[in-house]
Amino acid sequence: MSDTRVDPAGGFSIESLKANPRQARRERLIRDSLGATALVSVFISALIIWSLFSEAWTFIFEVDWGSVWDIGWFPRRGIYDIKTLIVASLIVTGIAMIVAGPLGLGAAIYLSEYARPGVRRTLKPVLEILAGIPSVVLGFFALKWIAPNLVETLFGGPAAGSLLAAGIGVGVLVVPLVASISEDAMKAVPMALREASSGLGARKVMTTMRVVLPAAVSGLMAAFIVAISRALGETMIVFMAGGAAQTAVYTHSALDGSLTMTAGMTSLARGTDNVVGEGLTFQSLFFVGLVLFALTFALNLIADRFVHRVREQY
Amino acid sequence: MRLQKLLVLIIGLITTFALVAAACGNDDDDGAAAPSTSEQQSSGSDAQPAPAGTVSGSVTISGSSTVEPISVRVAELFEDVQPDVAVTVDGPGTGDGFKLFCAGETDISDASRQIKDSEAEDCAESGVEWVELRVGIDGIAVMTGESNPVECVTFNDIYGLVGPESTGFGSWSDAGSLGLATSDLPDADLDIYGPGEESGTFDSFIEIVLEDIADERGQDATTRPDYNANADDNVIIQGIQSSDTSFGWVGFAFAANASGVKLLDVDGGDGCVGANANTIASGEYPVSRSLYIYVNKAKAEASPAVSAYVDFYMSDEGLGTAVADVGYVNLTDEAKGATRANWAGR
Amino acid sequence: MAKARLVGDRTNKVMVQAMERRSTDVRGRVFQISLLVTLLVSLFILAVLIVDVVMDGWGILTGRPGGFLGGTMRSLSDDPKLGVHQALVGTFWIAVFVAVLAFPIGIGAAIWLEEYAPKNRFTRFIELNIRNLAGVPSIVYGLLGLFLFVNHLEGVTGGKSIASAGITLAILVLPIVVITAQEAIRAVPQGLKEGAYGVGATKWTMIRSQVLPYAAPGILTGTLLSMSRGIGEAAPLLLVGAVSGRLGRDSGFFDFGDINADAFMAMPVIIVEWVQNSGRDPGFAEAAAAAIVVLLVFVILMNATAIFLRNHFENKRG
């Protein structure tokens, strides 16, 4: 070994504790390349913002704003009524939350407060499997099962897809999300609070409703906001089961078919060949994308705040 | 151990990039699906004497999105008997198809109308000789609810009901307010159902019925936007069934089997004609049009793949089965004979 | 020996009554049962979904499983050559892109964030940024792919190609890989790390010999979850141009040349395509259901493995 750090005469100095320069170089190289991989995410964010803005910009400056507030979404003929898409998105999101709120929260309370460990160990993975179901599958289910079996028979709506069918489908999609974040939030409530409540003679219902839920409220808020953001951004279910093709007349009835922001983009982008070069049609895609991105970004930031509050408290 | 695995992954990453870069270098000449834009070279390899009945090579087709499904269906059936031929079919539109065709970039052009003089000149300039083959008929049924008293509509009526100037009209009688000569239409609610903008039937309907009137009046050739558009023909039929005074249109093959709807007679200038397979095949029913393919003669000569494909197109499996499979009306036997004679006598 | 009374007679009586009464907490029971019902509704939906899909696809899956897996896209649903082979090839390549791009970069970023990053504003910014990326709707990634890989980098990716789709989905799952890997690395006990330093390990040697092996199951769980997310995603693929209609080419799994050839198909997209076709040809609904079963087999297998792995190691380590 040509390692000269240790004096062959047996002397052991401060020099011998220093890393050998080759090793130090290697350590630095590894640190820097790992750092570079972490920067990739920043780079990706920049790319997303660049791609959205560079096309949306053209749209914002060149569009006749009268066509952005009109009778409906007809991008191929220059009518870009954004309120049609936003209202449909809100309807779908609202229905999704009406479905997912109680189901997700109920499941979370049960798993966190009531279920015996064995039961929990079996039920939780099943919920996680539900979370992993691809949205095309739920889209198929919403169109072929929910629309004819629930929407038509219970609400008298069309069997061929509607905002209601899509909303229920999206609700099913976000149930596991609501459940898992809410459950985490309730698990984070210290056991001492529950014990104190029981010690004062409160029953389990009382402890759960008056102690655990209020203590976990930040996390529950986060769960709902993340779910809303996810529902707004959900694409395939609304595209497949929303009951409209390529264009939509403005509607605020959940039993009609319409296009949400995401479904509008998807139907427009299928066969993008034909979109390029027809006025601002191609750019409108990125304008809607930018609106959606801004909305979900704001929601995610708010949810992030709530999550942090939970961490700080306990 | 872990480091080694990480290294393997990183090396894999680099190799993949290298492969991607290498593959895009010779993008145009690998992959069976690459369009044979280099006609002479590709036909050189195609010209190898093919062993008994099997040929290889590629066929490139572009043009009308209305005809596209027929050519696709023929390609599917053809590849079952000639698996070494790769057929690519695109549907950018009849006009774009002819641009590519006359520039020699495609072997066959799908067209939902006959070639225009200006397009024919382009072809002549670049020395592309072609043969025109009529392959089928596209008929569109115009429908309403079963108990609607209206029996027959003219092109002017249809323009007044669904044309670009009728946006917001809620009653049949509003159609008369455009100053066009229309029939006496009732003052009844107007609910409109039809295919969406991406559909070939949507384009056909505009080109056959609305385009001429819209041009005359200086309007865009399109429909009013505010109607119930759907990609699912069943949904359109259900919509029309749901109201007595609805109005709508779908491809004839689909409407023919529907119940609970009334197929309207249409007056294209020569009196009211009802839609059925005979009146469509004979061209009497006005909301119909012939569909064509145009074959580049030189390419058919040079490439056994192209000529074999067109031969197959001309067989009963092509003009008969494939055309009916995708929902169009078959030519009469006479007309089929004429088409085959055109191909044989090229 | 007389017991000392702690409370007076009246109080004693009330307490004895309260303790001896068979308590029927009706409200509590109702509450608990309604909670259980909400959970069971979710599970019931999952069951209905799977039964519905399997029943719809049963005919094709049992009738001609080989033909379906080896077949291609066709115009008619009753065509015996109808099948998902092209889509399987596309999804296979997307998975390769995700594994080759997202896994190393994501795990690398997680190691840096947990072990190297200084605790400052910039690090917090990166972490916030990654959490936000995880919440960006998938269709926005599709817009990125359309703008960047399909239009601007056409020369490299070949436009609407499997390469564009693969890179787009790798970017989409990257934040999930980072976040799950971070959690796994964070769970490594401090003692293990200090032990390694104590015997003179450098930082990287410590990470390699202690942190990564301990965190490996957690990291693997994260990669499996993100892979199953990646192969099930459809929206971005529709934007980066998965074909609708006919895909003339049916490549083998290892035809590298077709990675950047124009047009491709993938499992989630073929499902959308067939669902849309079912409007004019109802038989396509069965084909779509059969394709869903094929996709679900992969996705559920991956998820179940991931969940099992995580629970297994969680239990083992208490």
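Residues numbered from 1 in each chain as written. Chains lettered and ligands numbered in written order. Predicted model: local features only at pLDDT ≥ 70, side-chain atom pairs only at ≥ 80, totals over all residues. Heavy atoms only, no water.

A. Local environment of the sheet that holds strand E1 (residues 72-74) of chain A. Residue and element names in this part refer to chain A. Spatial strand order, E2-E1-E3: 3 strands in an open sheet with antiparallel pairing. Looking at which strands have only one partner, the edges of the open sheet turn out to be strand E2 (79-80) and strand E3 (248-249). The pairing of E1 with E2 spans 2 bridges and is classified as antiparallel. Of the residues in E2, the one forming a bridge with Phe74 is Ile79. Helix-sheet contacts for helix H2 (residues 82-114) involve E1, E2 and E3, and the interaxial angle to E1 is about 115°. (Pairing = 2+ DSSP bridges. Helix = DSSP H or I, 4+ residues; strand = E, 2+ residues; numbered from the N terminus. Contact = heavy atoms within 4.5 Å. Axes fitted to C-alpha atoms, helices over the stretch in contact; angles between N-to-C directions.)

B. Structural view of the pairing of strand E8 (residues 246-251) of chain B. All names here are of chain B. Burial within E8 is extensive, with 6 of its 6 residues counted as buried. Note: strand E4 (residues 130-145) against E8, 5 bridges, orientation antiparallel. Its bridge partner being in E8, Val142 is matched across the sheet by Trp249. (Buried < 20%, exposed > 50% of the residue type's maximum accessible area, 1.4 Å probe, protein only.)

C. Local environment of the pairing of strand E3 (residues 108-111) of chain B. Residue and element names in this part refer to chain B. Residues of E3 alternate between two faces, with Ile108 and Asp110 on one and Ser109 and Ala111 on the opposite face, all of them buried. Alignment of strand E1 (residues 57-63) against E3, held across 3 bridges, turns out to be parallel. From the neighbouring strand, Ile61 faces E3, where its bridge partner is Ile108. Relative to strand E12 (residues 288-296), E3 runs antiparallel, the two being bridged by 4 bridges. Among the inter-strand pairings, Ile108 is bridged to a residue of E12, identified as Val295.

D. Helix H7 (residues 200-216) of chain B, seen in detail. Residue and element names in this part refer to chain B. Taking 1.5 Å per residue, 17 residues should reach 24 Å; H7 reaches 24 Å between its end C-alpha atoms and fits that length. Considering bend angle alone, the principal kink of H7 is centred on Leu210 and spans about 60°. Along H7, the residues that are buried comprise Gly200, Phe202, Ser204, Phe205, Ile206, Ile208, Val209, Leu210, Ile213 and Ala214. Tucked into the core, H7 has its buried residues touching E4, helix H6 (155-162), E8 and E12. Two residues or fewer past H7, Gly218 is found with a positive phi of approximately 70°. (Expected span 1.5 Å × (residues − 1). Bend = angle between axes of the 7 residues up to and from the residue.)

E. Geometry of the nonpolar core. By size, the foremost hydrophobic cluster in this structure holds 211 residues, and its most contacted members are Ile48, Val136, Met236 and Phe286 of chain A together with Leu237, Ile270 and Trp274 of chain C. Per-element tally for this core: the top contributor is helix H4 (residues 85-116) of chain C, with 20 residues. The residue makeup of this core includes at least three contributed by each of domain 1 (14-62) and domain 2 (65-313) of chain A. With residues near it in sequence (within four places) discarded, Met236 of chain A still touches Ser135 and Val136 of chain A together with Ala234, Ala235, Leu238 and Val272 of chain C. Among the nonpolar cores identified, the runner-up in size contains 52 residues, and Met143, Leu190, Tyr193 and Leu210 of chain B belong to it. (Core = buried A, V, L, I, M, F, W, Y, C linked by side-chain atoms within 4.5 Å. Domains from an automatic or database assignment.)

F. Inspection of the packing of aromatic side chains at higher detail. According to the stated counting rule, one finds 28 aromatic pairs over all chains in the structure shown. Centroid distance Phe286 of chain A to Phe147 of chain C: 6.1 Å. Interplanar angle 70°. Geometry classified as edge-to-face. With Phe286 of chain A in helix H11 (residues 281-313) and Phe147 of chain C in helix H6 (residues 138-152), this residue pair bridges two chains. Both residues of the pair, Phe286 of chain A and Phe147 of chain C, count as buried. Taken together, the ring pairs connect Phe59, Trp65, Trp73, Tyr80 and Phe287 of chain A into an aromatic cluster. Positioned over the ring face of Trp69 of chain A is Lys83 of chain A, at 4.8 Å from the centre of the ring. (Phe/Tyr/Trp six-rings, centres within 6.5 Å; stacked < 30°, edge-to-face > 60°. Lys NZ or Arg CZ within 6 Å of the ring centre and 35° of its normal.)

G. A look at the sheet that holds strand E5 (residues 152-154) of chain B. Residue and element names in this part refer to chain B. In space, the 3 strands of this open sheet follow the order E5-E10-E11, with mixed pairing throughout. Where the open sheet ends on each side, the last strands, each with one partner, are E5 and strand E11 (272-273). Of the pairings in the sheet, the one linking E5 to strand E10 (residues 265-267) comprises 3 bridges and is parallel in character. Paired with Val153 across the two strands is Val266, which belongs to E10.

H. Here's a closer look at the interface of chain A and chain C. Each partner contributes to the interface: chain A provides 79 residues, whereas chain C provides 82 residues. Taken over both partners, the interface formed by chain A and chain C buries close to 7200 Å², and the fraction arising from carbon and sulfur atoms is 75%. Counting every contact that joins chain A to chain C gives 2 salt bridges. The residue Arg131 of chain C makes a salt bridge to Asp304 of chain A at a minimum N-O spacing of 2.6 Å. Here chain A is connected to chain C by 10 residue pairs in polar contact (both at pLDDT 80 or more). The dominant element in the side of chain A that touches chain C, judged by the number of residues it contributes, is helix H1 (residues 21-62) of chain A, at 22 residues. Looking at the side of chain A that touches chain C residue by residue, the classes come out as 49 nonpolar, 20 polar and 10 charged. (Buried area = accessible area lost by both parts, 1.4 Å probe. Salt bridge = Lys/Arg side-chain N within 4 Å of Asp/Glu carboxyl O. Polar contact = N/O pair within 3.5 Å; in protein donor to acceptor, adjacent residues only side chain to side chain. Nonpolar A, V, L, I, M, F, W, Y, C, P; charged D, E, K, R; others polar.)

I. Structural context of a negative patch on the surface. A contiguous patch of negative charge, built from Asp117, Glu121, Asp122 and Glu125 of chain B, is present on the exposed surface. With respect to the helices, strands and loops of the structure, Asp122 of chain B is situated in helix H5 (residues 117-125). (Patch = residues over 30% accessible without salt bridge, like charges linked within 9 Å, V, L, I, M, F, W, Y side chains within 5 Å. Areas by Shrake-Rupley, 256 points an atom, 1.4 Å probe, with all protein chains shown as cover. Lys, Arg positive; Asp, Glu negative; His and termini not counted. Charge placed at Lys NZ, Arg CZ, Asp CG, Glu CD.)

J. Seen up close, the side chain of Thr38 of chain C. On the secondary structure map, Thr38 of chain C appears in helix H2 (residues 26-63). Classification of Thr38 of chain C as buried rests on a relative accessible area of 14%. A polar atom in the side chain of Thr38 of chain C sits 3.3 Å from the backbone nitrogen of Ala107 of chain A. Not counting residues up to four positions away in its chain, the partners in contact with Thr38 of chain C are Pro102, Leu103, Gly106 and Ala107 of chain A.

K. View of the state of the cysteines. Residue and element names in this part refer to chain B. Under the criterion given, the structure shown has 2 disulfides over all chains. In this model Cys102 forms its disulfide with Cys123; the gap between the sulfur atoms is 1.9 Å. When the S-S torsion is -75°, as for the bridge of Cys102 with Cys123, the disulfide is left-handed. Taken together, the residues Cys102 in helix H4 (residues 94-102) and Cys123 in helix H5 connect sequence positions 21 residues apart. Considered together, Cys102 and Cys123 belong to a single accessibility category, that of buried residues. The partner cysteine of Cys152 in its disulfide is Cys272, sulfur to sulfur 1.9 Å. (Disulfide = S-S within 2.5 Å.)

Shape is all these values report; function is a separate question.
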